[in-house]
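Below are the chains, spelled out letter by letter.
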Amino acid sequence: MSKRILVARAADAANLNAQAKNAQNILRRWRSTEYRPSVLAFGEPDAGIAANPNVDLIRLRPDRWWRAVLFALYLRRWDGVFYPGLHHRADWLALKARRALGRSVPIVTTIEGLIGSVAHDRAEAFFEAQAGHKVYAGKLPAAELKRYNDLSAMSDRIIAISPFLARMARTQFGDKVDMLPLGVDLRLFETRAPATNARPRVIGAGTVYARKRPEMFVRLAAQFRDADFAWFGDGDLRAGILAEIAREGLDNLQFLPPVPPERLAEEMAKSDILVLPSFAEGVPKVTQEAAAAGLAQIVYGFYEAPTVADGVNGFVVWNDEELRDRLSQLLADRDLTRRFGDAGRRMAQAWSWDVVAPQWEAAIIAACAAR
């Protein structure tokens, strides 16, 4: 009889959430017939998952009762749980209930960024002491932070998505922390020729809220009028930024809605440089995609992204003035921009989901089998 693993993420094709897409890419390529994952679907599932005979779909109605249904699903017989969520209480409550009933199950979670509290900066101070440089942690309210800490404590294995995050996580959770990279779908980029723009094009992507610092894109567009800028994403700051763009008359800047991965790959193919202005990240997926698309990149060093090697496929900066200087350098030197882009393409070969997904599968199965 097959072992069964609950993957607590949505397999919907229209779901653009980064964690959901990570789970989908792993499940598209799932090969084990002994350990069968079951994943949730509220609407039309990802075609690759639906076509994989080794994966089971659990259909949920997207009504007000779905969290209660999910709670009940958690209480069924499972041989492992992968990727329980934080954004609602059902996963946490169900796993606590299983433990209280003496029916605990192997749990595999991830570390995809440094986590702190909205109430204080103690977590950042702790991580800075370990890292030896300034860091910025994602801020969670008390209830969500408790769920995060509880799930991490209950986990049998925790997979960190970068060497830096693994190092930080081991100071909290010990040797149950492993490291695996996230992947990128290289097929989206392999058939797209590099950009040949008369004017350099700078791209950004991410939710338009304070942590991503999208206002920095407005300042850059105002300073570098001879380049075109485009940001893809939605969020609570978007309306204000659109108003500011209109006031400033910035005809070289667009703030556009989020797009599916295929469309973002097309937009990257039309671009030359990725700028990521946020201070707090894990391993930004967009930096992997930018590397695969052949873009030079500029990112901040606070999160030690393994996807950008300073002076190899882009620049790592530590303040806004340095970011402006490096962007000015790339805009003035198109040959350097192309060399960085070519180096990024070579680096991205190691991040193909076809290479990375089997590693995640093996780690998940090993954690479940170890009980």
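Right above here is the structure, for reference.
Residues numbered from 1 in each chain as written. Predicted model: local features only at pLDDT ≥ 70, side-chain atom pairs only at ≥ 80, totals over all residues. Heavy atoms only, no water.

## Looking at the sheet that holds strand β9 (residues 177–179)
Filter applied, for reference: Note: two strands are recorded as paired if DSSP finds a minimum of 2 bridges between them. Here a helix means four or more residues in a row that DSSP labels H or I, a strand means two or more in a row labelled E, and each is numbered from the N terminus. Between the N-to-C directions of two axes lies an angle of 0 to 180 degrees, each axis being a line fitted to C-alpha atoms and, for a helix, fitted only over the stretch in contact.
Judged by pairing direction, the sheet is parallel, and its seven strands sit side by side in the order β3-β2-β1-β4-β5-β8-β9 without closing on themselves. A strand with exactly one partner marks an edge of an open sheet, and here the two such strands are β3 (56–59) and β9. Pairwise comparison of adjacent strand axes, ignoring direction, gives a mean angle of 25° for this sheet. Here strand β4 (residues 80–82) runs beside strand β5 (residues 107–111); their pairing, made up of two bridges, is parallel. Bridge assignment links Val-81 to a residue of β5, and that residue is Ile-107.

## Here's the deal with the sheet that holds strand β12 (residues 253–256)
For clarity, the cut-off: Note on contacts: a residue pair is in contact if any heavy atoms of the two residues lie within 4.5 Å.
What the six strands build is an open sheet, ordered β12-β11-β10-β13-β14-β15; its pairing is parallel. Where the open sheet ends on each side, the last strands, each with one partner, are β12 and β15 (314–317). This sheet shows a mean twist of 20° between the axes of neighbouring strands, independent of strand direction. The pairing of strand β13 (residues 273–275) with strand β14 (residues 296–300) spans three bridges and is parallel. The residue of β14 that forms the bridge with Val-275 is Ile-298. The strands that helix α10 (residues 261–269) touches are β10 (201–205) and β11 (228–232); relative to β10, the one it contacts most, it runs at about 155°.

## A few points about the packing of helix α1 (residues 18–28) against helix α14 (residues 353–369)
Packed helices, taken two at a time, are described by the angle between their axes plus the distance between the axes. Applicable threshold: Geometric relationships in this document are graded by angle, where less than 35 degrees denotes roughly parallel, more than 145 denotes roughly antiparallel, 65 to 115 denotes roughly perpendicular, and other angles denote oblique. The residue classification treats Ala, Val, Leu, Ile, Met, Phe, Trp, Tyr, Cys and Pro as nonpolar and Asp, Glu, Lys and Arg as charged. All others, Gly included, are polar.
At a minimum axis distance of 8 Å, the contact between α1 and α14 shows a crossing angle of 90°. With respect to each other, α1 and α14 are oriented roughly perpendicular. Contact residues: Asn-22, Asn-25 and Ile-26 in α1; Trp-353, Ala-357 and Trp-360 in α14. Partitioned by chemical class, the residues of the contact of α1 with α14 number four nonpolar, two polar and no charged.

## Observations concerning helix α8 (residues 215–223)
For clarity, the cut-off: Think of it in three bands: residues with accessible area under 20% of the maximum for their type are buried, residues over 50% are exposed, and the middle band is partly exposed, with areas taken using a 1.4 Å probe on protein chains only.
Looking at α8, one finds that the buried residues are Met-216, Phe-217, Val-218, Leu-220 and Ala-221. Buried residues along α8 sit in contact with β10, β11, α9 (238–248), β12, β13 and α12 (320–332).

## As for the packing of helix α11 (residues 285–293) against helix α13 (residues 334–348)
Filter applied, for reference: Crossings are assigned a handedness: left-handed for a near helix turned anticlockwise from the far helix by less than a right angle, right-handed for a clockwise turn.
Contact geometry for α11 and α13: axes closest at 6 Å, N-to-C directions at 115°. Relative to α13, the element α11 lies roughly perpendicular. For the pair α11 and α13, the crossing hand works out as left-handed. Between α11 and α13, the residues in contact are Ala-291, Ala-292 and Ala-293 and Gly-341, Gly-344, Arg-345 and Ala-348, respectively. Each residue belonging to the contact of α11 with α13 can be placed in one class, and the counts come to four nonpolar, two polar and one charged.

## So, the pattern of salt bridges
Where we set the bar: Salt bridges are defined as contacts in which a side-chain nitrogen from Lys or Arg sits within 4 Å of a carboxyl oxygen from Asp or Glu.
Scanning the entire structure with this criterion turns up 21 salt bridges. Among the ionic pairs, Arg-199 bridges to Asp-228, the shortest N-O distance being 2.9 Å. Here Arg-199 is found in the loop between β9 and β10, whereas its partner Asp-228 is found in strand β11, with 29 residues between them in sequence. Take Arg-199: its relative accessible area is 33%, and that puts it in the partly exposed class. Through salt bridges with shared partners, a single ionic network connects Arg-201, Arg-263, Glu-267 and Lys-270.

## Remarks on the nonpolar core
Quick reminder of the rule: In these notes, a set of buried Ala, Val, Leu, Ile, Met, Phe, Trp, Tyr and Cys residues joined through side-chain atoms within 4.5 Å is what counts as a nonpolar core.
Ranked by internal contacts, the top residues of the largest apolar core, which has 58 residues, are Phe-229, Leu-253, Phe-255, Met-268, Val-275 and Leu-327. Counting residues in hydrophobic clusters, the runner-up holds 47 residues, among them Ala-23, Ile-161, Phe-173 and Val-177.

Just distances and angles here, no functional claims.
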